[in-house]
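Letter by letter, the chains look like this.
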Amino acid sequence: MCGIVAYIGKKEAYPILIKGLKRLEYRGYDSAGIALLSGGNVNLYKKQGKVANLEEFATGKDISGHSGIGHTRWATHGLPNDINSHPHTSMDGKIALIHNGIIENYDSIKEELISRGYIFKSETDTEVLVHLIDDIQKHEKVDLVEAVRLALQSVIGAYAIVVLSKEFPNQLVAARKSSPLVVGIGAEGDFYLASDATPIIEYTKQVVYLDDEEIAVVDLKEGLKIINIKNQVKAPYIQELEMHLEALEKGGYEHFMLKEIHEQPRSIKDCFRGRLNAEKGWVSLGGLKDYQQKIMNSKRLVMVACGTSWHACQVGEYLIEDLARINVEVEYASEFRYRNPIINEDDIVIAVSQSGETADTMAALELAKSKGATILGICNVVGSSISRITDAGSYTHAGPEIGVASTKAFTAQVTVLTLMALSLANRKGTLSSSKFHTMLSELEAIPDKVQRILDKNDLIEEIAKVYKDASNALYLGRGSSFPVALEGALKLKEISYIHAEGYPAAEMKHGPIALIDEEMPVFVIATKGTSYEKVVSNIQEVKARKGKIIAIVTEGDVQVRDLADHVIEIPDTDEHLVPLLATIPLQLLSYHISVMRGCNVDQPRNLAKSVTVE
Ligand code: G6P
């Protein structure tokens, strides 16, 4: 939530910041702003709306400067207007600051500052920080770094900040707590700072991820120095980025979401590469190896997540319970953290998160850790906060996901959870050897089957045309297809703003059936398997109320074809692996409906990809 980027060095800062903000726009797009240090002045450009608006606004103005900070906002406090846009400046305009996070005690700090004569321009929580730093600097007669450090000691909440001051033109001061921040070390003694590595990758692969309560000082003369807010010096741990620039481009697709949907044959394969060998009957998640025994012996696994990742956990629950016979509880991280949950030392708490930065998921893990539980992570973003605080974990290796609506990250999460279930089941002996071998082969075949579904894009687009003007939609599924229904409904509402609900098919008659009429599209996952006949009955119930049925069926199905208005066939596979296939047509349907309705597919209104506030 909110993206921040900064540069100091010999290059012109503006093009780096604008490009960086575009890369970070998935984190929020309510407004954007830049402050540049030029000719001893801090020049400020801020505009409501997307980065493109800011770019247009800055055209023709003085955009020179070798040091600058930029921000793309997802509004928390105050409307998304020009004034509330970051950067915020001190009253004398000497200091500019960008912030991602929430200052929870901003009210009391603000009151105090107002009583001392500070005048606030915006409604943001952030503005208190810049005035506080200014105030400390003036009254305590300290330099910028010390003023930032002291200011942060009075702050409760989450922050990633970068501060620029015209009195310290060779320096940028950055700090983080609960919101991510990466320092890029350039080859020419220059430095980059950003919420994630995407704005940096083009210039350098040498990065340092800051830890909570650390302050990074990048100084053109003295280089990089890291201290913490207690003023202890920390040795920077420099890492080499493995990301590639092409992964951040649309690669000929109209939208990132479409590109990411089409990447799934590869991303699923990348996810199980080196972890699965069907021929040799072998599966292993290296990152979790040391904890395998502990997981097997544990009485329960608790999975915490938000949004789409929570749906992946639900699929994981079906898989792990059914195959490995280990009790799994899936929790919304936001609920778990506040409901005084019972956590024992022998519990294993697993966070599933694409970004690895979701504030509620982080807090749930921290709570579990404080109670002595083992904490594990399944993340996509390498080096993310969750991946660093957990005892161990597994990366999903889906590659950068830019579209706000999650697609390939979901199937990669489900793939990791499937590998985990299979590995545990094999070790525990809860799965027969022949079933285990069959499932490994089936999993290996999934990428090709996903491709076969993607090849049906034209059919899916035709179906989308029929339902693009719907106001409501229902998604039904049973077993592990129930979370797929939830995910299908979430995709539709996120990007096309059609109200959609996912339901276990049999629950439909306890309420949603009242909504069904000839206007209501009902998407049903009716693939071959244990509940097939039951789902067919549910379809009949919808039919009897004149609902429109769009069914996802197994290739060759005839029974549902007779009942449904439209069918989309998916290749046959083991029942446990159906979520990896059934989700694909639902992603494509939502995508096409969104495009046809003229919605912003990659950046849906009010949403952000990485939710670093609770
Ligand atoms: C936001 C995103 C979703 C994502 C959720 C959890 O709501 O828009 O796509 O599923 O956060 O994010 P995480 O990074 O923890 O998976």
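Coordinates for the structure precede this section.
Here is what the cut-offs are and how they apply
- Residues numbered from 1 in each chain as written.
- Predicted model: local features only at pLDDT ≥ 70, side-chain atom pairs only at ≥ 80, totals over all residues.
- Heavy atoms only, no water.
- Helix = DSSP H or I, 4+ residues; strand = E, 2+ residues; numbered from the N terminus.
- Expected span 1.5 Å × (residues − 1).
- Contact = heavy atoms within 4.5 Å.
- Salt bridge = Lys/Arg side-chain N within 4 Å of Asp/Glu carboxyl O.
- Buried < 20%, exposed > 50% of the residue type's maximum accessible area, 1.4 Å probe, protein only.
- Near = heavy atom within 4 Å.
- Polar contact = N/O pair within 3.5 Å; in protein donor to acceptor, adjacent residues only side chain to side chain.
- Areas by Shrake-Rupley, 256 points an atom, 1.4 Å probe, with all protein chains shown as cover.
- Nonpolar A, V, L, I, M, F, W, Y, C, P; charged D, E, K, R; others polar.
- Domains from an automatic or database assignment.

Draft legend 1. Helix α17 (residues 532–544), seen in detail. A rise of 1.5 Å per residue sets the reference length of α17, with its 13 residues, at 18 Å; its end C-alpha atoms lie 18 Å apart and thus fit the reference within 8%. Here the buried face of α17 lies against β23 (472–477), β25 (521–525), β26 (548–554) and α18 (559–563). Of the residues one or two after α17, Lys 546 is the one with positive phi, at around 70°.

Draft legend 2. Summary view of the pattern of salt bridges. Considering all chains together, one arrives at 36 salt bridges under this definition. Measuring nitrogen to oxygen at the nearest pair gives 3.0 Å for the salt bridge that ties Lys 47 to Asp 82. Of this pair, Lys 47 sits in strand β3 (residues 41–48) while Asp 82 sits in the loop between β4 (67–73) and β5 (88–89); the two residues are 35 residues apart in sequence, bridging distant segments of the chain. In this structure, Glu 329 engages Arg 300 in a salt bridge whose closest nitrogen and oxygen atoms are separated by 2.8 Å. Here Arg 300 lies in strand β18 (residues 300–305) and Glu 329 lies in strand β19 (residues 327–332), a separation of 29 residues in the sequence. Owing to a relative accessible area of 14%, Arg 300 belongs among the buried residues under this scheme. Shared partners join several salt bridges into a network, and the residues in it are Lys 259, Glu 263, Arg 266, Asp 270, Arg 273 and Lys 408.

Draft legend 3. Structural view of the site of the ligand. Around the ligand, 13 residues are found, and the nearest of them are Ser 309, Ser 353, Gln 354, Ser 355 and Thr 358. Gln 354 has a polar backbone atom sitting 2.7 Å from an oxygen atom of the ligand. Ser 355 places a side-chain nitrogen or oxygen 2.6 Å from an oxygen atom of the ligand. Protein chains shield 91% of the accessible area of the ligand, which is 390 Å² for the free molecule. For the shell around the ligand, the leading source of residues is helix α9 (residues 307–324), giving three residues. Its residues assigned to classes, the shell around the ligand comprises four nonpolar, eight polar and one charged. A domain split of the shell around the ligand shows at least three residues from each of domain 2 (250–455) and domain 3 (456–614).

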